[in-house]
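# Residue-level structure breakdown
Spelled out from the first residue to the last, the chains are:
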Amino acid sequence: MSYVAKELPGKPIVNWTGTTREMFIMGSERGAVFQTLWDGNVLDLKVYHLKNS
């Protein structure tokens, strides 16, 4: 994933590149989504818990 912000008057253009991955794991009653974002050498991890309806 890459992102380029619009140039604003007096502000430089911002370039950002990162790598995202998503993984879904399902158990007998619940599931979870793991989302990772690598920004250079920094890892951001988010976990979302899902219930079986």
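Calculation criteria
- Residues numbered from 1 in each chain as written.
- Predicted model: local features only at pLDDT ≥ 70, side-chain atom pairs only at ≥ 80, totals over all residues.
- Heavy atoms only, no water.
- Pairing = 2+ DSSP bridges.
- Helix = DSSP H or I, 4+ residues; strand = E, 2+ residues; numbered from the N terminus.
- Patch = residues over 30% accessible without salt bridge, like charges linked within 9 Å, V, L, I, M, F, W, Y side chains within 5 Å.
- Areas by Shrake-Rupley, 256 points an atom, 1.4 Å probe, with all protein chains shown as cover.
- Salt bridge = Lys/Arg side-chain N within 4 Å of Asp/Glu carboxyl O.
- Axes fitted to C-alpha atoms, helices over the stretch in contact; angles between N-to-C directions.
- pLDDT = per-residue confidence, 0-100.

### Regarding the pairing of strand 4 (residues 30–39)
As paired strands, strand 3 (residues 19–26) and strand 4 are joined by eight bridges and run antiparallel to one another. Within strand 4, the position partnered with Thr19 by the bridge is Trp38. Here strand 3 hands over to strand 4 after three residues, the two strands then running antiparallel side by side. Of the pairings in the sheet, the one linking strand 4 to strand 5 (residues 42–51) comprises 10 bridges and is antiparallel in character. Residue pairing across strands places Asp39 opposite Val42, the latter belonging to strand 5. Linking strand 4 back to strand 5 in an antiparallel pair, the connection comprises two residues, with Gly40 at a positive phi of about 70°.

### Things to note about a nonpolar patch on the surface
Together, Phe24, Met26, Tyr48 and Leu50 give the surface a local cluster of nonpolar side chains, amounting to about 400 Å² of exposed area. With respect to the helices and strands, the residue Phe24 is situated in strand 3.

### Some thoughts on the sheet that holds strand 3
The antiparallel open sheet is built from three strands, whose spatial order is 3-4-5. Both edges of this open sheet fall to strand 3 and strand 5, since each of them pairs with a single strand only. Each strand of the sheet is rotated relative to its neighbour by a mean of 15°, with strand direction disregarded.

### Some points on the confidence of the model for the protein chain
Note that predicted coordinates carrying low pLDDT should not be read in detail. Mean pLDDT over the protein chain stands at 78; residues scoring 70 or higher make up 72%. Predicted confidence in the protein chain is weakest over strand 1 (residues 2–4), with a mean pLDDT of 54, and strongest over strand 3, with 89.

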